[in-house]
Every structure is written in structure tokens, then in C-alpha cells.
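# Observations on the three-dimensional arrangement
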Amino acid sequence: MSMTSTYWLTNVCLESGYRYENGRIAGTETEICHLLIENGKITQIVSADTTLDSDLPKQDAKNLLLLPAFRDMHIHIDKTYYGGPWKACSPPVNIFTRLKEEETLLTQLLPTARERAEAMLGLLQKNGTTHVRSHCNIDPYIGLKNLEATLQAFETYSGKLSGEIVAFPQHGLLRSNVVEMAREALRMGVTSMGGVDPATVDQNIEKSLNTIMELAVEADADVDVHIHDPGHLGIFTFKRLAALTEEAGWQGRVTVSHALGLADVPVELQSEVAELFAQLGIAITSTVPINRATIPIPLLKQKGVSVSLGDDSITDHWSPFGQGDSLERVGRLAERFRWSDERSLSEALGFITGGKLPLSAEGVRVWPAVGDEASAVLVHASCSAEAVARRAERQAVLYRGTVVSGSL
Ligand SMILES: O=c1cc[nH]c(=O)[nH]1
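The text that follows walks through the structure, step by step, so that each part is easy to find. This structure is a prediction, so every number in the text was calculated from the model and none was measured.

Definitions and limits used
Residues numbered from 1 in each chain as written. Predicted model: local features only at pLDDT ≥ 70, side-chain atom pairs only at ≥ 80, totals over all residues. Heavy atoms only, no water. Buried < 20%, exposed > 50% of the residue type's maximum accessible area, 1.4 Å probe, protein only. Helix = DSSP H or I, 4+ residues; strand = E, 2+ residues; numbered from the N terminus. Pairing = 2+ DSSP bridges. Expected span 1.5 Å × (residues − 1). Bend = angle between axes of the 7 residues up to and from the residue. Contact = heavy atoms within 4.5 Å. Phe/Tyr/Trp six-rings, centres within 6.5 Å; stacked < 30°, edge-to-face > 60°. Lys NZ or Arg CZ within 6 Å of the ring centre and 35° of its normal. Polar contact = N/O pair within 3.5 Å; in protein donor to acceptor, adjacent residues only side chain to side chain. Core = buried A, V, L, I, M, F, W, Y, C linked by side-chain atoms within 4.5 Å. Near = heavy atom within 4 Å. Nonpolar A, V, L, I, M, F, W, Y, C, P; charged D, E, K, R; others polar.

Before going further, it helps to spend a moment on the pairing of strand β15 (residues 394-399). The element β15 is extensively covered by neighbouring structure, given that five of its six residues are classed as buried. Relative to β15, strand β14 (residues 376-379) runs antiparallel, the two sharing four bridges. Within the sheet, the bridge partner assigned to A376 lies in β15 and is L398. Bridge analysis of β15 against strand β16 (residues 402-406) gives four bridges, and the strand direction is antiparallel. The partner of L398 across the bridge, within β16, is V403. Here β15 folds back onto β16, and the loop between the two strands holds two residues, one of which, R400, carries a positive phi near 45 degrees.

We now examine helix α1 (residues 95-108). Between its first and last C-alpha, α1 extends 20 Å over 14 residues, near the 20 Å set by a 1.5 Å rise per residue. If you look at α1, its biggest bend is around 45 degrees, right at E102. Packed against the buried residues of α1 are β7 (129-137), α3 (145-156) and β9 (192-196).

The next point concerns the packing of aromatic side chains. Per the stated rule, a full pass over the model turns up three aromatic pairs. Taking 6.0 Å as the distance between ring centres and 65 degrees as the angle between the ring planes, the aromatic pair formed by F238 and F277 counts as edge-to-face. With F238 in helix α6 (residues 231-248) and F277 in helix α7 (residues 267-280), this residue pair connects regions lying 39 residues apart in the sequence. According to the relative accessible area criterion, F277 is buried, its value standing at 1%. Geometrically, the ring pair formed by W339 and F351 is stacked, given 6.0 Å between the ring centres and 10 degrees between the ring planes. Here the residue W339 occupies a position in the loop between α9 (326-336) and α10 (342-348), and F351 occupies one in the loop between α10 and β14, the gap between them amounting to twelve residues. For the pair shown, W339 and F351 are each scored as buried. Through pairs of rings, three or more aromatic residues link up here, namely F337, W339 and F351. In this arrangement the basic side chain of K87 is found over the ring face of Y81, its NZ or CZ atom lying 6.0 Å from the centre.

Residue position: T353 is located in the loop between α10 and β14. At 2.5 Å, the side chain of T353 and the backbone oxygen of K356 are in polar contact. Those residues in contact with T353 that lie beyond four places of it in its chain are P68, A69, F70 and R71.

Take the nonpolar core next. Of all hydrophobic cores here, the largest spans 90 residues; its most connected members are L121, M193, F238, L262, F277 and V330. It is helix α5 (residues 205-219) that contributes the most residues to this core, six residues altogether. Beyond its immediate stretch of four places on either side in the chain, L121 contacts I77, V132, A153, F154, Y157 and L161.

This part is about unusual backbone geometry. In this chain, L110 is followed by P111 through a cis amide linkage whose omega measures 0 degrees. Within the secondary structure, P111 is located in the loop between α1 and α2 (113-126). Omega for the peptide link from W367 to P368 comes to -5 degrees, which places this bond in the cis form. Position of P368 relative to the elements: it lies in the loop between α10 and β14. Its identity is not glycine, yet N39 carries a phi of approximately 45 degrees, on the positive side. Counting through the fold element by element, N39 comes out in the loop between β2 (24-38) and β3 (41-47). Positive phi is not limited to glycine here, since H258 has a value of about 80 degrees. On the accessibility criterion, H258 (5% relative accessible area) is buried.

Turning our eyes to something else, we now look at the site of the ligand. Close contacts around the ligand come from H76, K79, F168, Q170, H228, D312, S313 and W318, and that covers them all. Between the ligand and H76, the relevant distance is 3.4 Å, taken from an oxygen atom to a side-chain nitrogen or oxygen of the residue. With respect to the ligand, the side chain of S313 contributes an N or O atom lying 2.6 Å from a nitrogen atom. Residue composition of the shell around the ligand, by class: two nonpolar, four polar and two charged.

Right under this line is the structure:
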């Protein structure tokens, strides 16, 4: 059932605090509440004991746990095979062999990029995601066709999820000479300027980063750069990007995707970069890769860096893996860092919700609150910790008050 304007979402299970035994957290307390949803927002939260003497429609959430809706902050919906036939990946060699494949592959894939992107958005939505940041190829082979397809796919899903697009010069902004194409993409509705490995791909860190920043400033766009480059090469690139961010006054508008170099250097250097990023509001998006060491996410969090997760390349020529499921991805992250206690598992959820958590650090309910957007997921779990550990089954997904996937 899809409800749009004003109704009571009844019998919703909300987390209310941690339960302590012998001085340690032994579980999570919950309470059953009714939520008034008006014009996409939560405008009242009352205990389920309250008699609702209103004639407004009611939608029974059947005591299921409510979590903030998920955000996939790094994916390539224009390149996925999802929605089409299975296709084998060639063995990984290096980024240039993949780029060579792309020169012809993307123009040949069927069904169309739009249909595949829409299928992927449907999968993400079913799994609880209502916000998607997609990096879209702009390159000499596909031109702006995949961007048009991505814009159309987001249009098809308007009212069901929100999307943002990064102009992604996959073959190198300089290497493939697509600066003018990037300008056109930024005029077409792209909200971030992207890039990829200024050292390895563009072979000119300074010029590549400067051009990305100049394009972003010119178009008043954000920046989100893929930096896979390892070790000190990666660290040098991060520092140069940080310096240019400060020079441009772009604090709070820059993201480094992957930031893999952080995984290869000593903790002192990791801390230095983390402090720099925190100070300049440079965010990091990780995909919790299976083929590279994991970046120090606990340290980044402790230093105040905003870290999000994304699915990246799933079911395409870069990777045959991935379910388009943010809960699966954060469960993988928890396993990687052996977060097995209740608090760590609960707090892990923040990496896929833009930092929104049901409980504060003090264990007080802070989400949902009156005035919050009613974008949420109803899951079969007793608490966030269980939802992450068990990748809980999703029953229904709400976007701005409307049930957009599943059913109640
Ligand atoms: O550079 C990269 C890496 C992964 N997936 C992509 O689409 N591009």
C-alpha cells in the first residue's frame, strides 16, 4: 500500500536505550510507538498505549523495527549488467586492461543503460536505500549517453528515491581529453565533479587535481575523486587535494572515494591525513573492497572524518559480486573490524545512513525525532545490532512517508 499525505504508522518498534547487566551492555531496549506521518515528515511520536482518536488512515507496522533509510554513496549504475544476462568478468590485471575493455563494451551492452540503471535502482530500493550517489562515465567512447540514461533512470524513480550524479572521467580527465565534456555534464544536472587516480591514470597529479577543482568551482559543484593509488602516492595525492580544497574554500564539499593509500601507511601518517580531512570536511567513501586492505575506518571515525559506504561496481566488468544491499556491505565492514559487541554493531549502521543512528553515544533515542523526514526501513530484527549482524530481512521501505517498496 502506498500512502502519501497524512496517516498514522502504528505499532512501530523503536530503540529506546541500551540494557546493562553487570556494568556492560547486554542488549538494546525498544518501545512500540505510533508515528504520525504528514507530508513526508514525522510530526508526532506517541506511545502505542495512546488511543488514537483521529479519523486519519492507519498503517500497521506490526511491531517491526524502524531504521533510518540507507544511502549508497558510491555506485556505477550506468555500467551494471544487472537487468541483463550474466556476463563473465575477465581476470583482473590492472586498471588499463579494464579501460581497454570499456572502449567498446559500454556501447554494446543490452538492455540499454537506462533499463539496467533502473533495474539497479529497483534492487537498491528493495534493500532499503532511498539515496544514491552514482558515478557516471563521461568518456570519448560513450560520450554523454550514459549520463542521459542515468538522468532518465533517476527521473523514473523521482518520488521514490533521491539521486545525485558525479561526472566520472573514467579514462582520465586529461588522458582522455574530456574537460569540455565534463563542462557539458555539469550543465546537464550533474552535482559533483569526479576524477580517477590523478597519478596513475592522468600521470599528472597537479594538473589533474587543479582541473577537477576548477571545473567544480566554475559550476558550483561538489568534488568526488576515485583515488585507488597505493601507499605514499595515494597519501601525496590526498594532501594535494586537501591543499586545493582549502585554497578554493571548498571545505565540506569534497569526497575521496576509496582512499586506498591510507591502508598501506603507518598509523602516524593515517592520523595526520585523518586530522587534515576532518579539519577541511573532506569525506571518505569506502566500498569495503575484497581485493585490497581495508582503510582504517575506526581511526577515521575517531578523528571526526565523515565516512560512508557504497556498493561501487557490482555485477559489471569490474566485479561480478555485490547484491546492492547496504546492510550486507556494513555487515561485511563489521566483520572486517570484528565489531561484535552490541554498541559497535549498532553504531556501524551510521555508515550507511549518513550518520543517522537511533541511539546517541549516551544510549538515548535520537532518531526518529519529530520533524524528521519519514524515510525509513522496517526490518525483521529486534535492534540495529541484530539488523547489521544478520542482514535483517526488509519488509517495507518508506521514502518521504510513502511506502515505495515491500508491503505492510
Ligand atoms: O575505476 C573504477 C574502479 C571500479 N569501478 C569503476 O567503474 N571504475
